[in-house]
Amino acid sequence: QVQLVESGGGLVQAGGSLRLSCAASGRTFSSYAMGWFRQAPGKEREFVAAISRSGAWTYNADSVKGRFTISRDNAKNTVAVQMNRLKPEDTAVYYCAAKPTTSNVRYYVSEYEYDYWGQGTQVTVSS
């Protein structure tokens, strides 16, 4: 099992940047594919970005392509998302999630595929 703790959220002006980080407990972080999701007020949780176990493969939602970059550091048990050119519509609670997998190359975009979730961190983008 793994516990996930997000950090790095806050208030930023439109056009600015934030970097969110997710720290994982345990000694088997490299066994998990990781993802970022977000949930805005009054909306369902949506996929943001995913990364394979090794970090070699990534995928971003259309809404954030070209602006967000997901990465991981298996030596530090962390996954991060660099968010640039932020927009007010990016305002949401951001969650990281983990999925155990035996594949080094697969990534996952459905929230139902993930087994473990962090508590979330608030990102607010002002206009």
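Note: the structure precedes this text.
Just so it is clear, the structure is predicted and the values come from calculations on it, not from any experiment. (Residues numbered from 1 in each chain as written. Predicted model: local features only at pLDDT ≥ 70, side-chain atom pairs only at ≥ 80, totals over all residues. Heavy atoms only, no water.)

Engineer: For this particular structure, what's the right way to read the overall build of the chain?
Structural biologist: When its secondary structure is counted, the chain shows 0 helices and 11 strands. For the chain, the succession of helices and strands along the chain, N to C, is β-β-β-β-β-β-β-β-β-β-β. For 127 residues, the compact-globule estimate of 2.2 N^0.38 gives 14 Å, and the C-alpha radius of gyration of the chain, at 13 Å, lies within 12% of that figure. For the chain, the spread of C-alpha atoms along the three principal axes comes to 45 × 25 × 25 Å. Across the 127 residues in the chain, those meeting the buried criterion constitute 44%. Intrachain contacts of the chain at a sequence separation of at least 6 include 61% that bridge at least 24 residues. Counting only carbon and sulfur atoms, one obtains 46% of the accessible surface of the chain, whose full area is about 6600 Å². (Helix = DSSP H or I, 4+ residues; strand = E, 2+ residues; numbered from the N terminus. Rg over C-alpha atoms; globule rule 2.2 N^0.38 Å. Buried < 20%, exposed > 50% of the residue type's maximum accessible area, 1.4 Å probe, protein only. Contact = heavy atoms within 4.5 Å. Areas by Shrake-Rupley, 256 points an atom, 1.4 Å probe, with all protein chains shown as cover.)

Engineer: Whenever I open this one, the state of the cysteines confuses me. Can you help?
Structural biologist: A covalent bond between the sulfur atoms of two cysteines is referred to as a disulfide. Tallied over the full model, the rule gives 1 disulfide. Each disulfide pairs two cysteine sulfurs, and for Cys22 the partner residue is Cys96, the sulfurs being separated by 1.9 Å. One quick way to see it: the torsion about the S-S bond of Cys22 and Cys96 is about 45 degrees, and its sign makes the bridge right-handed. One end of the pair, Cys22, is in strand β3 (residues 18-24); the other, Cys96, is in strand β9 (residues 92-100), with 74 residues separating them in the sequence. The exposure classification of Cys22 matches that of Cys96, with both residues buried. (Disulfide = S-S within 2.5 Å.)

Engineer: Just to check I follow, could you spell out the nonpolar core for this structure?
Structural biologist: It is characteristic of soluble globular proteins that their nonpolar side chains tend to be buried jointly. Core analysis: the biggest nonpolar cluster contains 36 residues, and Leu4, Met34, Trp36, Phe68, Val79, Met83 and Tyr94 have the highest contact counts within it. Residue assignment for this core shows that the elements contributing at least two residues are β3, β4 (32-39), β5 (46-51), β7 (68-73), β8 (78-83), β9 and β11 (121-126). The contacts of Leu4, once residues within four sequence positions are left out, are Cys22, Ala23, Ala24, Met34, Cys96, Ala97, Ala98, Tyr116, Trp117, Gly118 and Gln119. (Core = buried A, V, L, I, M, F, W, Y, C linked by side-chain atoms within 4.5 Å.)

Engineer: Which parts of the structure should I look at to understand unusual backbone geometry?
Structural biologist: The general pattern is negative phi for most residues beyond glycine and trans for most peptide bonds. Although it is not a glycine, Asn77 sits at a positive phi angle of roughly 55 degrees. One can find Asn77 in the loop between β7 and β8. For Asn77, a relative accessible area of 16% gives the class buried. A positive phi angle, near 50 degrees, is found at Arg85, a position not held by glycine. By the secondary structure assignment, Arg85 is in the loop between β8 and β9.

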